[in-house]
Amino acid sequence: MKTPLSYWLSLPVAAAVLAPLAVLAWLGLQAELAFDAGNAAIVINSVLLTMLTVLGAILLGVPLALATTYIRLPGRPLWLALLAAPLAIPSYLGAFAYFAAFGPGGTLENLTGVNTPNLRGLAGATLVMTLYTYPFVLLTTRSALRHLNPAMLDAARTLGLSPGRALLSVVLPRARNGIAAGALLVALYTLSDFGTPAILRLDTFTRMIFVEYNAFGLDRAALLSLQLLALVAVILWLETRFGAERERPTRTATLDLGAGWRAATMTAGLLLMLAALALPLLVFGDYFWREGVGDFDPILAWHSAYAAGLAAIVAVVVALPVAYAAGLGRRGRLLERIAHLGFGVPGIVLATALVYVGLQLSVLYQTLALLVIGYVLRFLPLAVGSLRTRLERIEHHQIAAARSLGAAPFEAFRRITLPLALPGIVAGAALVFLEAMRELPATLLLQPTGFETLATYLWRVYEAGYLGRGAVPALLLVLISVGALVALLTGEERAGEARGA
Amino acid sequence: MLSLDGLVVRYGDTVAVRGIDLTLADNEIVTLVGPTGCGKTTVLRAVAGLEAPAKGCICIGDLTIDASNPVPPEKRRTGLVFQDFALFPHLDVYRNITFRLRDTAPAEHWLAVLGLGAVRHAMPDTLSGGQKQRVALARSLAHAPALMLLDEPLSNLDAALKTSLRWEIRDALKAAGVPALWVTHDQDEALSVGDRVGIMRDGRLEQVGPPETCFRDPASRFVAEFLGEAAFLPGRHAAGWLDTALGRASATDGPSLPDDVDVLLRPDDLALSTQGDHNAEVLNGRYEGETRLYQLRLNSGTMLKARVNHEVVLAPGTAVHTRIAAGHPLTAFPRQT
């Protein structure tokens, strides 16, 4: 059996994904520093923040999932979109807003005259991370609930349980895996997140890697990166242990819990939206109101779009053979898994490795190419994923039919595979583009000198303390996030339709 | 037109096809039938060029394909029809059928013949199963194949459609004058649609021949049982005659038989009556509409099935007389101990 071309093309991709890990391992081994008290504090801070955020996300996400699944809310699709929206907003925007809103001289004091305490450290970071990650739990739990057979709920009711008791004793235990899946995503996101702890000054791994990098301690940054990767590996390992159980629901159940519950749910949802969505808009809107466009340079937006656009194109081109190979056999699926690793590697960690690569390979040093490589390695799974779902729907028989009608392999690829995969290519490129536009830590480390983007400019503004100048880039980033959310939701809708057909 | 000569196909270490010889005449339809995993689909895929032969060769017209010369599928001029239709979902019916045609006249012809005129601009997703299979057939035939290959073309369709489309496809193949290899797991379909039937088992052809021959004079007990209800009654063979407890019948020509044999009895080879010498008991009966099928236990313990007119109603437990009533020679196999 001849090895398919797509395997050969995927091999260098897999190697490129693994290379940064090898670089880190090599660098980390050279570090001469032992594990000390400072390092222990970093571990404790990271683990505490992760655990508290997971707890907060479960406390918010699970009740909201139950409410949006079983209670007939007026305008339910809108509620769902709104409640999921914080996920689309990079948490550093939230952190920036909370940093600016609270404390003496903050936006809240300026607008209302009420003194608010500073939101810094563990408490502030936990609050912000929870507000922007709970939708993970909401979505996975909801999806688990929707795959439960509602007849169970009916059976529990006929056996004499009240609606509330039925939910607690029959429904929730079976949604356990869904909740766990969401919690693990929250943990992964929190461990990887750079912006929130950096802005709210909590010494977690991501913040300290950046600090070490700035202090020219690349080996120490690599050592911390390896420790962080070990934590990530634990989360990923846990993830493999929770497979989603699937039942075949015939219909979705609704519980009529009365107007009181409906009002309570909507009030809670509204408060959450105020905290996660309205407050940042208020802060940035207030700055914009007071300072206007100021000296905002549109070149920033162009830089962001340019780098992200290049990344999107490269990512789909590279993703095509990987996604194709994944459908061919076991070795192909292994290559795809490797390509997925980029998602587990925090941006700051990936960037640390690439900075070192840039230092060794002078062709790449301080180039846009290195930044684009960083984006591609980090967001490749998005492109591979959306391509794969399309390619999976192409039957081998359709290709065989084209071949037997006289089409050579390339013609069959061009006339059947490519047009059928096109929506996936576009969706994958859009996702990579929108993610790369908003990426912060890798951009900070890999941007060529003078190549300032929206995200890095916001960071400089924060570092320099001229928060007001952040209004325009922040509002633009919010706008891009809305675009990402819309793209994601319509993509999901279409995928749903396709499954229904 | 098509000839297979000692064809062997392997999937890694497993041998799916273990040496098949088969020749199709111009315009001949041969059905390949057998249980799941017998290798029938693999034969088809090898002919289409989707699997490479490990040994032996495949001749399509003047093309000779073997392990050293694996001609790619697009060079073979074979038309493939799948059970899942394999229409191109992004092209409408017309563009599916004209996929690689320069001259679209054949497309018009087959659209008309197969009654697809009304749906020519419909997208495949909007068609019924029967329409999809007609489009797939029209697409293949319009590309003027030298040979048609059909892989269980009817198994995704409901029962009522199956029988009518069976004739429609056969007529279209005959009208096109193209030889066809038609794979199915349904013995009724295999017997009614093929000019000849090939019965496969474990990667080998057990028998190839006209449907009547295969059914009435099967080459093995496996073929006998696979193609229909079959029971084996001990008997003695002498000078072209078979003597059994249920009567005497002439033996079909064939390989020489020992004295002790088992005679193949189909349900319609037996007559049943409540009169006369009771030699069997009715165990149960199945109403089939025009006929009834009774399971019988002979007093000797042998189990048989008899098919009789639906007017003969017998309760389980009824003692009956049964005898061989076939007007044709019967097939026998050496006694199995």
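The rules behind each value
Residues numbered from 1 in each chain as written. Chains lettered and ligands numbered in written order. Predicted model: local features only at pLDDT ≥ 70, side-chain atom pairs only at ≥ 80, totals over all residues. Helix = DSSP H or I, 4+ residues; strand = E, 2+ residues; numbered from the N terminus. Buried ≥ 20, exposed ≤ 12 C-beta atoms within 10 Å, placed from the backbone. Contact = placed C-beta atoms within 7 Å. Pairing = 2+ DSSP bridges. Axes fitted to C-alpha atoms, helices over the stretch in contact; angles between N-to-C directions. Nonpolar A, V, L, I, M, F, W, Y, C, P; charged D, E, K, R; others polar. pLDDT = per-residue confidence, 0-100. Core = buried A, V, L, I, M, F, W, Y, C linked by C-beta atoms within 7 Å. Parallel < 35°, antiparallel > 145°, perpendicular 65-115°, else oblique. Left-handed = near helix turned anticlockwise from the far one by under 90°. Expected span 1.5 Å × (residues − 1).

A. The arrangement of the overall build of chain B in detail. Secondary structure summary: chain B contains eight helices and 20 strands in total. Counting only C-alpha atoms, chain B reaches 75 × 45 × 35 Å along its principal axes. Counting all 337 residues of chain B, 40% fall into the buried class. In chain B, of all internal contacts separated by at least 6 residues, the share reaching a separation of at least 24 is 65%.

B. Structural context of unusual backbone geometry. The backbone of Gln366 of chain A shows a phi angle near 60°, a positive value even though the residue is not glycine. In this structure, Gln366 of chain A sits in the loop between α16 (347-360) and α17 (368-392). Classification of Gln366 of chain A as partly exposed rests on a count of 17 C-beta atoms within 10 Å. A positive phi angle is found at Asn27 of chain B, which is not glycine, with a value near 70°. Examined against the element boundaries, Asn27 of chain B turns out to sit in the loop between β2 (14-24) and β3 (29-33).

C. Focus on the sheet that holds strand β5 (residues 63-66) of chain B. Residue and element names in this part refer to chain B. With respect to topology, four strands assemble into an open sheet ordered β2-β1-β4-β5, the strand pairing being antiparallel. At either margin of the open sheet sits one strand with a lone partner, and together these are β2 and β5. Taken over all neighbouring pairs, the strand axes of this sheet differ in orientation by 25° on average, direction set aside. Examined bridge by bridge, strand β4 (residues 55-60) and β5 share four bridges and lie antiparallel to one another. Considered in β5, the bridge of Cys59 is made with Thr64.

D. Examining the interface of chain A and chain B more closely. Taken together, the contact pairs 15 residues of chain A with 17 residues of chain B. At the level of elements, α18 (396-404) and α19 (409-438) of chain A are the ones that each hand at least two residues to the side of chain A that touches chain B. Considering each element in turn, the side of chain A that touches chain B owes the most residues, six residues, to α18 of chain A. Residues of the side of chain A that touches chain B, tallied by class, amount to nine nonpolar, four polar and two charged.

E. Summary view of helix α21 (residues 454-464) of chain A. Leu454, Ala455, Thr456, Tyr457, Leu458, Trp459 and Tyr462 of chain A are the residues of α21 of chain A that are buried. Following α21 of chain A by one or two positions, Gly465 of chain A has its phi on the positive side, about 85°.

F. Main features of the confidence of the model for chain A. Across chain A, pLDDT averages 86, with 93% of residues at or above 70. Here helix α22 (residues 471-500) of chain A stands out as the least confident element of chain A, with mean pLDDT 72; helix α20 (residues 441-446) of chain A is the most confident, with 94.

G. Broad picture of the environment of Leu59 of chain A. Note on placement: Leu59 of chain A falls in helix α2 (residues 37-70). Overall, the presence of 13 C-beta atoms within 10 Å leaves Leu59 of chain A in the partly exposed class.

H. Spatial organisation of the sheet that holds strand β14 (residues 260-265) of chain B. All names here are of chain B. Strand order in this open sheet of five strands is β13-β12-β11-β14-β20, and the pairing throughout is antiparallel. If you trace the sheet from one side to the other, it starts and ends with β13 (247-250) and β20 (332-334), each paired once. Strand after strand, the sheet turns through a mean of 40° between neighbouring axes, direction not considered.

I. Molecular detail of the nonpolar core. Residues Phe96, Ala311, Ala315, Ala319, Ala383 and Val432 of chain A are the most contacted members of the largest nonpolar core, which totals 151 residues. When residues in this core are grouped by element, the largest group, 15 residues, is from helix α14 (residues 299-326) of chain A. Dropping the residues within four chain positions of it, Ala383 of chain A is found in contact with Ala315, Val316, Ala319, Gly428, Ala429 and Val432 of chain A. Grouped together as the second largest cluster of nonpolar side chains are 99 residues, Ile20, Leu50, Cys214 and Tyr294 of chain B included.

J. View of the packing of α14 of chain A against α19 of chain A. All names here are of chain A. Interaxial distance between α14 and α19 falls to 8 Å at its minimum, and their mutual angle equals 140°. One finds that α14 runs oblique with respect to α19. The interaxial crossing formed by α14 with α19 has right-handed handedness. Counted together, Ser304, Ala305, Ala307, Ala308, Gly309, Ala311, Ala312, Ile313, Ala315, Val316 and Ala319 of α14 and Ile425, Gly428, Ala429, Val432, Phe433, Ala436 and Met437 of α19 form the full contact between these two elements.

K. Local environment of helix α12 (residues 218-240) of chain A. Residue and element names in this part refer to chain A. Between its first and last C-alpha atoms α12 spans 32 Å; for 23 residues at 1.5 Å apiece the expected length is 33 Å, and the two agree. Here α12 has its buried residues at Leu218, Arg220, Ala221, Ala222, Leu223, Leu224, Ser225, Leu228, Leu229, Val232 and Ile235. Contacts made by the buried residues of α12 are with α1 (5-30), α2, α9 (176-192), α11 (205-214), α15 (330-344) and α16.

L. Region of the structure containing the pairing of strand β1 (residues 2-11) of chain B. All names here are of chain B. Bridge count for β1 against β4 is five bridges, and the pairing is antiparallel. Within β4, the residue paired with Leu2 across the bridge is Ile60. Here β1 runs beside β2; their pairing, made up of eight bridges, is antiparallel. Within β2, the residue paired with Arg10 across the bridge is Val15. Linking two consecutive strands that pair antiparallel, namely β1 and β2, is a turn of two residues; a positive phi of about 60° is found at Gly12 within it.

M. Representation of the packing of α14 of chain A against α15 of chain A. Residues and elements named next belong to chain A. It is at 7 Å that the axes of α14 and α15 come closest, and there the two elements cross at 135°. For the element pair α14 / α15, the angle class is oblique. As for how α14 packs across α15, the hand of that crossing is left-handed. Along the contact surface, α14 presents Val322, Ala325 and Ala326, while α15 presents Gly332, Arg333, Leu335, Glu336 and Ala339. In terms of residue class, the contact of α14 with α15 is built from five nonpolar, one polar and two charged.

N. Local environment of the environment of Gly285 of chain A. Residue and element names in this part refer to chain A. Within the secondary structure layout, Gly285 lies in helix α13 (residues 259-291). The class for Gly285 is partly exposed, based on 15 C-beta atoms found within 10 Å. Separated by 210 residues in the primary sequence, Gly285 and Gly75 have C-alpha atoms spaced 27 Å apart.

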